[in-house]
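Listed below, chain by chain, are the residues.
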Amino acid sequence: MPSRPKVLFAMRAEHLAMLFPAPLIQRLRRIADIDVSLVAERFDDPRPAQVLPGVDVLITGWGCPPLDEALLSAAPRLRAVLHAAGSVKSLVTPALLERNVLISSAADANAVPVAEYSVSAILLAGKGVFGLRDRYLRERTFTLGRIWPAVGNYGRRVGIVGASRIGRRVIELLAAHDLDVCVYDPYTKVEGVPQVELEHLLRTCDIVSLHAPATDETRHLLDARRLALMPDGAVLINTARGSLVDTGALVKELRSGRLSAVLDVTEPEPLPPDSPLFDLPNAFLTPHIAGSHGNELSRMGGVVLDELERLAGGLPLAHQVAHDDLDRVA
């Protein structure tokens with residue numbers, strides 16, 4: 001890798017200024033040879049096609065086309081892909097793996113706001129905020145000084161499904177609170193946190209937060225049978241992937257009033273306008289906002305520049321995506 005690599009952006013142009021605001025662009029120019037006005041949304045467009053033969057590194061993001069044989073033929077010097085977003089599954093092709101191109105992801109940076117959202121939802125759920133807010137809006141009054149006996153986070157049992165980078169960060173943030181936390185993950189253990197079977201977690205936890213990847217193995221991980229294990233009054237939080245939950249089975253549980261849910265992701269996504277989830281008072285929906293948005297995007301841009309500096313300095317990547325992990329990461 002040259003000490004001053006030739007770099008090309010490949011993403012939706014609309015995201016560039018948020019991922020790389022002016023200070024990061026200045027830093028990037030010091031590290032690499034790059035035309036910051038050139039963003040490849042298609043590799044067969046004339047301007048990107050002219051520079052691809054000399055490109056050493058692609059900085060990719062949302063909207064980047066798949067990195068297939070055609071791209072690799074056009075970019076024979078390509079040695080690394082630095083992804084300024086989370087999952088690289090939509091980009092990586094067998095051809096890229098065969099070339100042994102280094103792949104790095106800003107998934108750790110993207111995990112930060114997802115974990116913050118999840119912890120906020122857990123604490124609010126423990127305080128009964130979602131249900132009591134709906135009641136307050138309906139009744140428009142309450143008795144000052146009334147004690148709500150089912151509310152509170154002291155000793156509240158919380159189950160984390162998936163010790164992913166986000167799941168582990170959620171656990172770290174929850175350590176500051178007086179909660180009883182357990183985790184289910186068939187592949188990864190978290191030191192100091194009880195590891196339990198999924199069915200046991202669902203039966204015993206007041207709040208369940210999902211952080212598993214979307215794979216064939218995890219599709220509808222929470223189906224009708226498993227949702228039925230959750231105790232009355234439990235809250236399900238999903239900031240991972242909508243496919244982890246059987247939507248029809250969840251709707252039935254929500255309609256019964258047994259469970260509540262905080263859903264930042266759904267299946268399908270977005271929901272059809274006539275989805276019953278919009279009208280259920282115990283379903284709190286947000287439009288896939290847990291991940292990086294607004295000023296949080298520049299955190300991912302900064303991680304990418306850190307990686308680029310390592311490459312230019314001959315150092316190993318800090319956030320390299322191992323080829324063997326692609327099948328079981330988000």
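What counts as what
Residues numbered from 1 in each chain as written. Predicted model: local features only at pLDDT ≥ 70, side-chain atom pairs only at ≥ 80, totals over all residues. Heavy atoms only, no water. Helix = DSSP H or I, 4+ residues; strand = E, 2+ residues; numbered from the N terminus. Polar contact = N/O pair within 3.5 Å; in protein donor to acceptor, adjacent residues only side chain to side chain. Buried < 20%, exposed > 50% of the residue type's maximum accessible area, 1.4 Å probe, protein only. Domains from an automatic or database assignment. Contact = heavy atoms within 4.5 Å. Buried area = accessible area lost by both parts, 1.4 Å probe. Pairing = 2+ DSSP bridges. Axes fitted to C-alpha atoms, helices over the stretch in contact; angles between N-to-C directions. UniProt positions renumbered as here; feature names shortened; annotations may be inferred. Salt bridge = Lys/Arg side-chain N within 4 Å of Asp/Glu carboxyl O.

Things to note about the environment of Ser37
Next up, step 1: Position of Ser37 relative to the elements: it lies in strand S2 (residues 33-40).
Next up, step 2: Sequence spacing of Ser37 and His319 is 282 residues, and the spatial spacing of their C-alpha atoms is 26 Å.
Next up, step 3: Side-chain polar atoms of Ser37 contact the side chain of Asp35, separated by 2.6 Å.

Quick notes on unusual backbone geometry
Next up, step 1: Here the amide bond leading from Glu267 into Pro268 is cis, since omega sits at 0°, within 30 degrees of zero.
Next up, step 2: Relative to the helices and strands, Pro268 resides in the loop between strand S10 (260-263) and strand S11 (283-285).
Next up, step 3: The omega torsion across Glu269 and Pro270 is -5°, close enough to zero to call that bond cis.
Next up, step 4: Checked against the element boundaries, Pro270 lands in the loop between S10 and S11.
Next up, step 5: Even without being glycine, Arg140 reaches a positive phi, approximately 60°.
Next up, step 6: Within the secondary structure layout, Arg140 lies in the loop between helix H7 (129-139) and strand S6 (157-161).
Next up, step 7: Classification of Arg140 as exposed rests on a relative accessible area of 71%.
Next up, step 8: Its identity is not glycine, yet His220 carries a phi of approximately 55°, on the positive side.

Topic: the domain arrangement of the chain
Next up, step 1: Entries for the chain in the domain assignment read domain 1 (7-109 + 294-325) and domain 2 (110-285).
Next up, step 2: Centre-to-centre separation of domain 1 and domain 2, based on C-alpha positions: 34 Å.
Next up, step 3: Counting from both sides, the interface comprises nine residues of domain 1 and, opposite them, eight residues of domain 2.
Next up, step 4: Between domain 1 and domain 2 lies a buried interface of about 630 Å² when both sides are counted; carbon and sulfur atoms form 44% of it.
Next up, step 5: Three residues, Ala107, Asp108 and Arg299, lead the burial of domain 1 against domain 2; their summed loss comes to 49% of the area buried on that side.

A few points about the sheet that holds strand S9 (residues 235-238)
Next up, step 1: Spatial ordering of the open sheet is given by S7-S6-S8-S9-S10-S11, a layout of six strands whose pairing is parallel. Two strands bound the open sheet, and with one partner strand each, they are strand S7 (180-184) and S11. If you compare each strand with its neighbour and ignore which way they point, the axes differ by 15° on average.
Next up, step 2: Bridge count between S6 and strand S8 (residues 207-210): four bridges; the pairing is parallel. By the bridge assignment for S8, Val161 is matched with Leu210.
Next up, step 3: Of the strands in this sheet, S6, S8, S9 and S10 are in contact with helix H6 (residues 107-126), which crosses S8 at around 165°.

A word on the UniProt feature "domain: D-isomer specific 2-hydroxyacid dehydrogenase catalytic" (unreviewed entry) in the chain
Next up, step 1: In the numbering adopted here, UniProt assigns the feature "domain: D-isomer specific 2-hydroxyacid dehydrogenase catalytic" (unreviewed entry) to residues 47-321.
Next up, step 2: Here residues 47-321 is 35% helix and 13% strand, with 29 Å between the C-alpha atoms at its ends.

Observations concerning the side chain of Arg156
Next up, step 1: In this fold, Arg156 is placed in the loop between H7 and S6.
Next up, step 2: Under the relative-accessibility criterion, Arg156 is labelled buried at 16%.
Next up, step 3: Leave out the neighbours within four places in its chain, and Arg156 touches Gly126, Ala150, Val151, Asp178, Leu179, Asp180, Asp206 and Ile207.

Some details on the pattern of salt bridges
Next up, step 1: In total, this model carries 18 salt bridges according to the counting rule given.
Next up, step 2: The partner of Asp134 in a salt bridge is Arg138, with the nearest N and O atoms 2.4 Å apart. One end of the pair, Asp134, and the other, Arg138, are both in helix H7, four residues apart, so they sit about a helical turn from each other.
Next up, step 3: For Glu307, the salt bridge goes to Arg310, with nearest N and O atoms at 2.6 Å. With Glu307 and Arg310 both in helix H12 (residues 297-312), this residue pair falls three residues apart, about one helical turn.
Next up, step 4: Within this structure, Arg27, Asp306 and Glu309 form a network of salt bridges that share partners.

Thoughts on the sheet that holds strand S5 (residues 102-105)
Next up, step 1: Pairing is parallel in the open sheet, where five strands are placed in the order S2-S1-S3-S4-S5. Whereas interior strands pair on both sides, the edge strands pair on one side only; in this sheet they are S2 and S5. On average, each strand axis in the sheet is inclined to that of its neighbour by 20°, with strand direction left out of account.
Next up, step 2: Summarising the sheet, strand S1 (residues 6-10) and S2 pair through four bridges and their orientation is parallel.

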